[in-house]
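Below, each chain spelled out in residue letters.
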Amino acid sequence: MKTKFHKFLINILILFIIISFFFKKKSKLENIEKFFLTNKLIKNDYFQKKKKKDKEVIIENNVLKLSISTIGGNIKNLFLKRYKNYNNNEENLYLIKDNSSLFGLEFTNKSYQKFNTYEVEFIPKIKEDEFKYTINMQAKLDNNVSISYVYVIYKNNNYNIDFSIRTKGFSDLLETNLEWNQKLLRLEKDKKIENNYNKIYYSINKFKKKINFLNKKHIYNKAKNLYWIANKQQFFVSILLFKKPLKDKKIIFFLKNKNFNSRSNLKIKIINKNNQELNLSNQWYFGPLDYNILKKNKYGFENIIQFGGGIGKYINRYVFFYLFSILEKTNLNYGLIIIIMTIIVKLIILPITYNQYKFNSIIEMFRTSFDDINHYKLTNKQSLIKLDKKILINSILYAIIQIPIFYSLLNFFPTLINLRGKSFLWIDNLTYYDSIFNFKFNIPIYGNHISLLTILYSISLFILRKMNNSKFKTNNNSIYIMSIIILLFINNYSSGLYLYYLISNIMNIIIYFYYKKNL
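Residues numbered from 1 in each chain as written. Predicted model: local features only at pLDDT ≥ 70, side-chain atom pairs only at ≥ 80, totals over all residues. Heavy atoms only, no water.

**Re the side chain of S146**
- Mapped onto the elements, S146 comes out in strand 9 (residues 145-154).
- For S146, the residues in contact, after removing those within four places along its chain, are Q138, A139, K140, L141, R166, T167, K168 and F170. (Helix = DSSP H or I, 4+ residues; strand = E, 2+ residues; numbered from the N terminus. Contact = heavy atoms within 4.5 Å.)

**Considering the pattern of salt bridges**
- Taken as a whole and assessed by the stated rule, the structure comprises nine salt bridges.
- We note a salt bridge from E60 to K81, for which the minimum N-O separation is 2.5 Å. On the criterion of sequence distance, the pair formed by E60 in strand 1 (residues 56-60) and K81 in strand 3 (residues 75-84) is long-range, its members being 21 residues apart.
- Judged by relative accessible area, E60 falls into the partly exposed class, the value being 35%.
- In this structure, the salt-bridge partner of K155 is E128, at a minimum N-O distance of 2.8 Å. (Salt bridge = Lys/Arg side-chain N within 4 Å of Asp/Glu carboxyl O. Buried < 20%, exposed > 50% of the residue type's maximum accessible area, 1.4 Å probe, protein only.)

**Let's talk about the pairing of strand 19 (residues 447-450)**
- Summarising the sheet, strand 18 (residues 437-443) and strand 19 pair through three bridges and their orientation is antiparallel. Paired with I443 across the two strands is G447, which belongs to strand 19.
- Where strand 18 folds back onto strand 19 in an antiparallel hairpin, the turn is made up of three residues, including I445, whose phi is positive at roughly 75 degrees. (Pairing = 2+ DSSP bridges.)

**Details of the nonpolar core**
- Grouped together as the largest cluster of nonpolar side chains are 112 residues, with contacts concentrated most on Y149, Y151, W228, I304, F412 and Y500.
- With 10 residues, the single largest contributor to this core is strand 15 (residues 236-258).
- Excluding its chain neighbours within four sequence positions, the residues that come into contact with F412 are F307, N316, F320, F321, F324 and M341. (Core = buried A, V, L, I, M, F, W, Y, C linked by side-chain atoms within 4.5 Å.)

**Observations regarding the sheet that holds strand 3**
- A sheet is described by the order of its strands in space; here four strands give the open sequence 1-2-3-4, paired in antiparallel fashion. In the strand order of this sheet, the two ends are held by strand 1 and strand 4 (92-96), each with one partner. The sheet shows a mean angle of 20 degrees between the axes of neighbouring strands, direction not considered.
- Relative to strand 4, strand 3 runs antiparallel, the two sharing four bridges. Pairing of K84 across the sheet is with N92, part of strand 4. (Axes fitted to C-alpha atoms, helices over the stretch in contact; angles between N-to-C directions.)

**Re a nonpolar patch on the surface**
- A contiguous nonpolar patch, built from L425, W426, I436, F437, L456, I459 and I463 and spanning about 660 Å² of accessible area, is present on the exposed surface.
- For the nonpolar patch, the element with the most residues is helix 10 (residues 452-472), which contributes three residues.
- With respect to the element layout, W426 can be found in the loop between helix 9 (381-412) and strand 18. (Patch = residues over 30% accessible without salt bridge, like charges linked within 9 Å, V, L, I, M, F, W, Y side chains within 5 Å. Areas by Shrake-Rupley, 256 points an atom, 1.4 Å probe, with all protein chains shown as cover.)

**A short note on the side chain of D190**
- Following the sequence through the fold, D190 ends up in the loop between strand 11 (173-184) and helix 3 (191-196).
- Of the buried charged residues, D190 lacks a salt bridge, with R186 as the closest side chain of opposite charge at 6.7 Å. (Lys, Arg positive; Asp, Glu negative; His and termini not counted.)

**Some words on the environment of L93**
- For L93, the location among the structural elements is in strand 4.
- For L93, a relative accessible area of 0% puts it in the buried group.
- Remark: the alpha-carbon pair of L93 and F79, spanning 14 residues in sequence, is separated by 5.3 Å.
- Each residue touching L93, except ones within four places of it in the same chain, is listed here: L78, F79, L80, Y83, K84, N85, L187, F236 and R420.

**Re the packing of aromatic side chains**
- Summed over the entire model, instances satisfying the criterion amount to 33 aromatic pairs.
- Relative to F439, the ring of F437 lies with its centre 5.6 Å away and its plane at 70 degrees, an arrangement referred to as edge-to-face.
- Each residue in the set F320, F324, Y334, F412, F413, Y457, Y493, Y498, Y500 and Y501 is aromatic and connected to the rest through ring pairs, giving one cluster.
- In this structure, K97 packs its charged tip against the face of Y94, placed 5.4 Å from the ring centre.
- A cation over a ring is seen here: K155 above Y133, with NZ or CZ 5.1 Å from the ring centre. (Phe/Tyr/Trp six-rings, centres within 6.5 Å; stacked < 30°, edge-to-face > 60°. Lys NZ or Arg CZ within 6 Å of the ring centre and 35° of its normal.)

Next comes the structure, spelled out in structure tokens:
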């Protein structure tokens, strides 16, 4: 009996605990619900309202045109007036189209309930003065509760947009998540080449020129401090600058590449420690990767341009770009500018090139007769040592100059926006390959087209190798094989690059025959 009675008491006790827990949980849920019914930040009746119809505020200056949506307060569309979309020749060049870039805030109050701005209706107020347009997008949730996005679009030729965020009645928040997601739209004719240039660049120190970047699949990073972040494409960039660097904030961002579609994500967690309102001053830059324009911003944006690495970066920035900028002022055709630039560079290094041919001729002379060279070694040992040193020094100088120039140009022409869309003879775009015939299929490595410029370059390279072969008596078959291999691999590179290489090879051939004639 006692055992049954004990079991009965235990069952009653367990039932009591379960009922108590249920009522306690229900009571806690009722308290949370009650808190949100009276909370000024989030009201149930606000979400029960019918969805408002989206309207757009359209603003433009000389270089860009944008529309700001009243739902979410985002820039819905933005296109650049002075550039063409080569992915679709009939379309304006949109950096943002149909909300492909979304910026928003997600608030969390002390009861861990969330609320975001993506579906909130903002009421616009527009002011205009001599220099700018000011658009105040305000979402009023209650008499004393509101969110304001303030856009300042400057007139004339300005790609910068000031953007500030202000809240009222939000001081009792636990945290705020700032989010920016952007799909990088296709703008160029070759999606594979374009996708290789899609990267996230960011700066964590205002005073350091060094910047970091992400470009691998599904890669992400965390940062303790963020000054600006940029979604970079081949010739254009979208930048978000924080005028007051975000210190001691949890910042996560990543770039995802899938099927040649790139999407970037930025998330910043802001903990509200002192019950303060949100007050952020930012700036957008939506525009070209133009070195001179970016440098005027004085935030280090010009370092985003891919001039290459190592010594090649400095050759491109301080030699080739400087020379190109001077020649550009002549208003000549850009193909002619590349040709003139090639001639100038070849003339500068002409003494070393000339000496290289001179020493090659001496070696050729020795190789023609084995007896002669043995006799020369026996009778002129000191002269031969001096000659060997001269040949070695000149060869090293030639390599030191030629090799960095060759590789630095690989990064110069494909990313120079000044050449984008510029034509020369049969070439319609100097930043991309030229095509005289397109296949309906793709050949691995080679591509789906025939490039005349790369064929001409390969022929000029073949002639140079043939000349060297005649001097050093090497195998003829290797020249043909190497020429075919080179032609296969270079068919998809920038036509501006191979126009430079072609003219350079032609000048080398001319120098060689001039030297031979005047021996």
